Amino acid sequence: MDDQHVEGGGRCVRYGVVGCGMMGEEHIRNLAAMAGRTPLTGGVHVELVALADPHPPSLAKGLAAAATAGWSNVQVFPDVNSLLASSTCECDVLVVAAPNMTHAALLAAILRHPRRHHVLVEKPLATTVRGCDMVIALAAAREPPSAGVVQVGLEYRFMPPVAALLHEVRGGAVGRVHMVAIREHRFPFLVKVGDWNRFSANSGGTLVEKCCHFFDLMNLILHDTPTRVMASGAQSVNHLDEEYGGKASDILDNAYVIVEYSGGGRACLDLCMFAEGSRNEQEICVVGDKGKVEALVPEGIVRVGSREGGRVGVVTRTCTDDRIQYEGLHHGASFIEHLQFLRAIAGPAAAAHHLAGLEAGRVAVAMGIAAHVSIDTGRPVVLADVLSQAAVWLPGEAGEEEALAKGALG
């Protein structure tokens, strides 16, 4: 990390945000909440110095969010190439929060640039395995490889009740894990700039765009290799009467997904995006040979029980994290993610194991693709076939191909 010093002492890490839509603004507000809180940031000062987006209204919102931290000299650019080529703007970190289908092209431009930026890219890493593989190869080719941290924004692992569940599992509360069940019952997809998220070609499909979070959690909990995926899903309720440019929306709004693991464990996802009448949006249940642990979001509750203690022995507790200064869209998870990312920049060994690396992002994308292929074919899908690109999901390929052909987009 460059030693940029600020008045009063300490180092300064300079951020640029690429993509200032809903998630870009979320990242800016998290950075603003970190500003001036050096006890939380390990003495490091955080500064936003650049925004890049081709959509002027999004840039205006990004600047407004930056102003909450007193950042009034933020430079703006129409795309990432302009930002990278600027002789007056130097960023240590680039946060990529643009539409999914542009991730591979944007990361290619950033990782090929002579300056070794640290990078935090929003999930999914890319919308295809091919895109993920390209990004991983470019990151590995940087000289020296240790010059920059590259991580994927799979922040659900940092929600306080989820983090507590992971702690219980790793501490042996359930014994050997055999079953993981994740339920997300929520509202429909939100409106995004240009309605890009209404099409699988842009998002990678619902089970990539939305559910890579849950596949990542399954892999973390089971600490094993996923091998086979079976799924059933449909677009049953949402966006059925919506057309954009003469094209009908094609994104799924409900699915069941079963994942098998090499060690014999299993995981199941129950997704419904027309279930606004739910007390909790996410419910995670882990069962092993000794006990069971559950996490409920947004109630912020964890329940831990053992086979020996039975129903009366179940302990329920509320989970919070005093470090969180901004709740945002994900119950403070993005704030903790940024703190961990900053720690990883300062010393990768200190925090890298908490973050989602490129391979974790790649596997989560592949699991979502496998689920879509299973739905379309009515058959189980071997994950190795997806990872080797022997099996691809064509509806999720087109948008990324177009973005790569155009080069780095804003």
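First, a word on scope: everything that follows refers to the structure included in this document. (Residues numbered from 1 in each chain as written. Predicted model: local features only at pLDDT ≥ 70, side-chain atom pairs only at ≥ 80, totals over all residues. Heavy atoms only, no water.)

Some remarks on the side chain of His27
Here is step 1: Assignment of secondary structure puts His27 in helix α1 (residues 22–34).
Here is step 2: What makes His27 buried here is its relative accessible area of 1%.
Here is step 3: Not counting chain neighbours up to four residues away, the residues in contact with His27 comprise Val95, Ala97, Leu120, Glu122, Glu337 and His338. (Helix = DSSP H or I, 4+ residues; strand = E, 2+ residues; numbered from the N terminus. Buried < 20%, exposed > 50% of the residue type's maximum accessible area, 1.4 Å probe, protein only. Contact = heavy atoms within 4.5 Å.)

A closer look at the nonpolar core
Here is step 1: Of all hydrophobic cores here, the largest spans 125 residues; its most connected members are Tyr15, Leu48 and Val286.
Here is step 2: Looking at this core, the element that brings in the most residues is helix α13 (residues 358–377), giving eleven residues.
Here is step 3: With residues near it in sequence (within four places) discarded, Leu48 still touches Tyr15, Gly16, Val17, Ile28, Leu31, Ala66, Trp71 and Val74. (Core = buried A, V, L, I, M, F, W, Y, C linked by side-chain atoms within 4.5 Å.)

Here we look at the sheet that holds strand β18 (residues 381–382)
Here is step 1: Here we have nine strands laid out as an open sheet, ordered β17-β16-β15-β14-β8-β13-β12-β9-β18, and mixed in their pairing. Each edge of the open sheet is held by one strand with a lone partner, namely β17 (315–318) and β18.
Here is step 2: Running over the sheet, helix α10 (residues 212–222) touches β8 (177–185), β9 (226–234), β12 (254–261), β13 (266–272) and β14 (282–288) and is turned about 160 degrees from β8.
Here is step 3: Packing against the sheet, α13 makes contact with β9, β12 and β18, and its axis sits at approximately 50 degrees to β9. (Pairing = 2+ DSSP bridges. Axes fitted to C-alpha atoms, helices over the stretch in contact; angles between N-to-C directions.)

Regarding the pairing of strand β2 (residues 11–18)
Here is step 1: Most of β2 is tucked away: seven of the eight residues are buried.
Here is step 2: As paired elements, β2 and strand β3 (residues 45–52) share seven bridges and run parallel to each other. Paired with Tyr15 across the bridge in β3 is Leu48.
Here is step 3: In this sheet, strand β5 (residues 93–96) lies alongside β2 in parallel orientation, the contact comprising four bridges.

Structural notes on the state of the cysteines
Here is step 1: In this structure the tally under the stated criterion is zero disulfides.
Here is step 2: Here Cys132 stays free of any disulfide, with the sulfur of Cys212 as its closest cysteine sulfur at 9.6 Å.
Here is step 3: Sulfur of Cys211: no disulfide; nearest cysteine sulfur belongs to Cys212 and is 7.9 Å away.
Here is step 4: On the basis of relative accessibility, which here comes to 0%, the residue Cys211 falls in the buried class. (Disulfide = S-S within 2.5 Å.)

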